[in-house]
Amino acid sequence: GDHDSCNQVAAVTRSPTPSRPSGRRRGRSSTPEKLVAPKKQRKSTTAPRIIGLTGTLGAGKGACAEYLVKRGFEHRQIRDFLAALVCERGLEATRPNMLEVANELRRKHGPAALVERLCKEALHNGGRYIIDSIRTVGEVNALRAAGAVLLSIDASQKVRFRRICSRGSSTDKLSFDQFCADEAKELESADPIQPSLLKVMGMAEHRITNCGDLCELHTQLDAVFGQRKWVCIVGPHGTGKTVLPSKLTKALNENRVVFDACEELARGL
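Residues numbered from 1 in each chain as written. Predicted model: local features only at pLDDT ≥ 70, side-chain atom pairs only at ≥ 80, totals over all residues. Heavy atoms only, no water.

1. Describing the overall build of the chain
Then comes step 1: Secondary structure assignment for the chain yields 10 helices and 8 strands.
Then comes step 2: Considering the chain as a whole, with its 269 residues, one finds that 39% of them fall into the buried category.
Then comes step 3: The contacts in the chain between residues at least 6 apart in sequence include a share of 77% that link residues at least 24 apart.
Then comes step 4: Surface summary for the chain: the accessible area is close to 16,500 Å², and the carbon and sulfur share equals 52%. (Helix = DSSP H or I, 4+ residues; strand = E, 2+ residues; numbered from the N terminus. Buried < 20%, exposed > 50% of the residue type's maximum accessible area, 1.4 Å probe, protein only. Contact = heavy atoms within 4.5 Å. Areas by Shrake-Rupley, 256 points an atom, 1.4 Å probe, with all protein chains shown as cover.)

Okay, here's the thing in structure tokens:
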């Protein structure tokens, strides 16, 4: 949107401010005290540093990631990493080929090898990350060890098939029967290195059903991770308007509070 009315604009999601204890003891009143129901606690809108995405084929993991990237997250896709490895072997980057390479890496380095690598990178670099797509129980455990949360996305099978057909990527050129067969291979497995989406999705802290449009999806994501609030910093030239948001961003992000700063020239002031 346009923010021409301010010099600096920052988006912040804040946790509720705790009340301060009174420094002075008050005398006991002779009037009987009324019983007051405890106030309902506000849900924290502090966003995690790492969000793992899981879900069925074509459910909208990419759309979720795109929206969260606008909220200041960086997107890391296991799919892109695997596609590069498959191409290095001279193979076509199809879903079965990528699944075969992924399982090979998991056998050699453990069920969570891919996610552990991405989590280590995220924690080392700082900031906030989305890791897409989580498919095994071991990968969920690796996420939680890194302090991450898991977000699950699902939709009806027919809706999802229409979506992947409209994408037109090399891995999505398939019939409905092939789509169903490929999905069945990833839903359940007793082998820890194989995808087990039903079990993984059941472990998610947050679940979204994405059968509507993007507006409905964004509303659901805001309900989970909090809506943006805007703070305008205005002042004369040379008063530190540029320095202040960058310092706030660094300090608050280190404490897992979402704060994204952007600069706008206030031509209208």
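There's more to say after this.
2. As for the packing of aromatic side chains
Then comes step 1: Scanning the model with the defined rule gives 3 aromatic pairs in all.
Then comes step 2: Considering the side-chain rings of F161 and F179, the 5.5 Å spacing of their centres and the 55° angle between planes classify their relative orientation as tilted. One end of the pair, F161, is in helix α6 (residues 157–167); the other, F179, is in helix α7 (residues 176–187), and 18 residues separate them in sequence.
Then comes step 3: We classify F179 as buried; its relative accessible area is 0%.
Then comes step 4: An aromatic cluster of at least three residues, connected via ring pairs, comprises F161, F176 and F179.
Then comes step 5: Its end group placed over the ring of F73, R128 keeps NZ or CZ at 5.2 Å from the ring centre. (Phe/Tyr/Trp six-rings, centres within 6.5 Å; stacked < 30°, edge-to-face > 60°. Lys NZ or Arg CZ within 6 Å of the ring centre and 35° of its normal.)

3. Notes on the layout of surface pockets
Then comes step 1: There is about 670 Å³ of room inside the largest pocket.
Then comes step 2: Looking at the largest pocket, it is lined by 30 residues, and the ones nearest its centre are K61, G62, Q77, R79 and R167.
Then comes step 3: Mapped onto the lining of the largest pocket, the elements with two or more residues apiece are α1 (61–70), α2 (78–88), α3 (95–109), α6 and α9 (214–225).
Then comes step 4: Ranked by the residues each element gives to the lining of the largest pocket, the list is headed by α3, at 5 residues.
Then comes step 5: Looking at the lining of the largest pocket residue by residue, the classes come out as 10 nonpolar, 8 polar and 12 charged. (1 Å grid on protein atoms, 1.4 Å probe; cavity = no way out; pocket = protein on both sides within 12 Å on 5 of 7 lines; lining within 4 Å. Points joined across faces, edges and corners; volume = space filled by probe spheres on them. Nonpolar A, V, L, I, M, F, W, Y, C, P; charged D, E, K, R; others polar.)

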